[in-house]
Amino acid sequence: MKRVLLLGGVAEALAIARTLGPEHIYSLAGVGRVPTDLTCQVRVGGYGGAEGLAQFIRDEGIDLLLDATHPYAAQISQNAAIAARVSGIACWALRRPAWQPQVGDDWRDVSGWAELIEALKPFRRPLFTLGREPLQHLHEIPPEQFWTLRALDVYPGNERCEVIGARGPFLIGDERELFERRQIDVLISKNSGSTATEPKLEVARERGVPVIVLQRPVLPEVDREFGSVNEILAALTQNL
Ligand code: NAP
């Protein structure tokens, strides 16, 4: 019987974890909710880099490493590819397809924070949907801007920034209301490719609001890449 270590933290990973038996392990960083109703084992917390992950793979007799982490969680994906290689096991990965701009979209790609701040200059009321990272930059908000930050949890803002704590999936009606109430004139987003967070893009399109898109990180090559949960489940059925 093969033993799988599934690296997760997104909805698709949880869907895969729900199909795994008790010999397999679902691994979470510990930043989000930990499910308590799974048949497989659940492990919470980091490994101490690629070396620590490789050690865990050897200690636990793991046969297959399955990276189903978020497309912007580049460090753990890099560690996974290295750890699998040095341990002599296969690494498979779920590589969620990116969103593509549609007719009517005004998307502006940026590669990092400095470019993002530059791209923000013409705007007054940005909505950030990047998670917690912008919290480090609250002191940089220019006097003419008011920021709305949406993160998983609520954090203190300041006189020019309000932080909203909310977890997807988000409904189009709620997103419309958010843009209207706060008079959002630019959206800042990762290109996560998730259907749970896609409605904000639709609202930006409807309202002619530009979207500043933080480019995806480059992820390592792995033995097999999959674009959907169903493809992974089919491959697991054949290989376990
Ligand atoms: P990251 O920068 O790639 O990873 C940072 C460190 O967190 C890793 O080096 C590892 O610690 C630990 N880690 C990450 N995922 C882990 C997992 N599934 N199991 C055990 N340890 C893990 O990741 P991140 O961007 O901070 O994201 C953290 C987690 O949140 C990921 O699992 C990701 O799937 C999820 N998530 C991320 C985003 C996002 O936008 N980045 C959005 C939604 C969910 P060690 O080096 O000590 O092993």
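(A) Inspection of helix α6 (residues 199-207) at higher detail. Pro 199, Lys 200, Leu 201, Val 203 and Ala 204 are the residues of α6 that are buried. On the buried face of α6, the contacting elements are β6 (107-110), β7 (126-129), β8 (147-151), α5 (172-181), β10 (186-190) and β11 (211-214). Positive phi shows up at Gly 208, right after α6, with a value of about 70°.

(B) Quick look at the packing of aromatic side chains. Applying the stated criterion to the full structure yields five aromatic pairs. Between the aromatic rings of Trp 113 and Trp 147, the centroid separation amounts to 6.3 Å while the plane-to-plane angle is 65°, which identifies the pairing as edge-to-face. Taken as a pair, Trp 113 in helix α4 (residues 113-120) and Trp 147 in strand β8 lie far apart in primary sequence, 34 residues in all. With a relative accessible area of 0%, Trp 147 lands in the buried category. By the ring-pair criterion, three or more aromatic residues cluster together here, those being Trp 113, Phe 128 and Trp 147.

(C) View of α4. Those residues of α4 lying buried are Trp 113, Leu 116 and Leu 120. For α4, the buried positions fall inside an angular range of 55° around the axis, keeping them on one side. Looking at the packing, one finds that the buried side of α4 touches β6, β7, β8, β10 and β11.

(D) The arrangement of a nonpolar patch on the surface in detail. Taken together, the side chains of Val 34, Val 42 and Val 44 make up a nonpolar region of the molecular surface, amounting to roughly 200 Å² of accessible area. Inspection of the secondary structure puts Val 34 in the loop between β2 (25-28) and β3 (41-44).

(E) Spotlight on the pattern of salt bridges. All chains considered together, the criterion is met by 15 salt bridges. Between Glu 12 and Arg 96 there is a salt bridge whose closest N-O contact spans 2.8 Å. One end of the pair, Glu 12, is in helix α1 (residues 11-17); the other, Arg 96, is in the loop between β5 (90-94) and β6, and 84 residues separate them in sequence. The class of Arg 96 is buried, set by a relative accessible area of 11%. Residues Asp 106 and Arg 108 are paired through a salt bridge, measuring 2.7 Å at the closest nitrogen-oxygen approach. The class for Arg 108 is partly exposed, based on a relative accessible area of 32%. The structure contains a network of salt bridges with shared partners spanning Asp 67, Arg 95 and Glu 225.

(F) Quick look at the site of the ligand. Taken together, 21 residues lie near the ligand, and Gly 8, Ser 27, Tyr 47, Gly 48 and Lys 190 sit nearest. In the model, an oxygen atom of the ligand is placed 2.9 Å from a nitrogen or oxygen of the His 70 main chain. In the environment of the ligand, an oxygen atom lies 3.2 Å from a nitrogen or oxygen atom belonging to the backbone of Ala 73. In isolation the ligand has 810 Å² of accessible area, and contact with the protein removes 72% of it. Sorting the residues of the shell around the ligand by element identifies β2 and α3 (74-87) as the ones contributing at least two each. Among the elements that line the shell around the ligand, the one with the most residues is α3, at four residues. Along the lines of polarity and charge, the residues of the shell around the ligand split into nine nonpolar, 11 polar and one charged.

(G) Layout of the packing of helix α2 (residues 49-60) against α3. Remark: α2 packs on α3, axes separated minimally by 8 Å, with the N-to-C direction vectors making an angle of 45°. One finds that α2 runs oblique with respect to α3. Taken as a pair, α2 and α3 cross one another with a handedness that is right-handed. Where α2 approaches α3, its residues Gly 49, Ala 50, Leu 53, Ala 54, Ile 57 and Arg 58 are matched on the opposing element by Asn 79, Ala 80, Ile 82, Ala 83, Ala 84, Val 86 and Ser 87. The residue makeup of the contact of α2 with α3, split by class, is nine nonpolar, three polar and one charged.

Conventions and cut-offs
Residues numbered from 1 in each chain as written. Predicted model: local features only at pLDDT ≥ 70, side-chain atom pairs only at ≥ 80, totals over all residues. Heavy atoms only, no water. Buried < 20%, exposed > 50% of the residue type's maximum accessible area, 1.4 Å probe, protein only. Helix = DSSP H or I, 4+ residues; strand = E, 2+ residues; numbered from the N terminus. Contact = heavy atoms within 4.5 Å. Phe/Tyr/Trp six-rings, centres within 6.5 Å; stacked < 30°, edge-to-face > 60°. Arc of directions from axis to C-beta. Patch = residues over 30% accessible without salt bridge, like charges linked within 9 Å, V, L, I, M, F, W, Y side chains within 5 Å. Areas by Shrake-Rupley, 256 points an atom, 1.4 Å probe, with all protein chains shown as cover. Salt bridge = Lys/Arg side-chain N within 4 Å of Asp/Glu carboxyl O. Near = heavy atom within 4 Å. Polar contact = N/O pair within 3.5 Å; in protein donor to acceptor, adjacent residues only side chain to side chain. Nonpolar A, V, L, I, M, F, W, Y, C, P; charged D, E, K, R; others polar. Axes fitted to C-alpha atoms, helices over the stretch in contact; angles between N-to-C directions. Parallel < 35°, antiparallel > 145°, perpendicular 65-115°, else oblique. Left-handed = near helix turned anticlockwise from the far one by under 90°.

The values reported here are purely geometric and, on their own, carry no functional implication.
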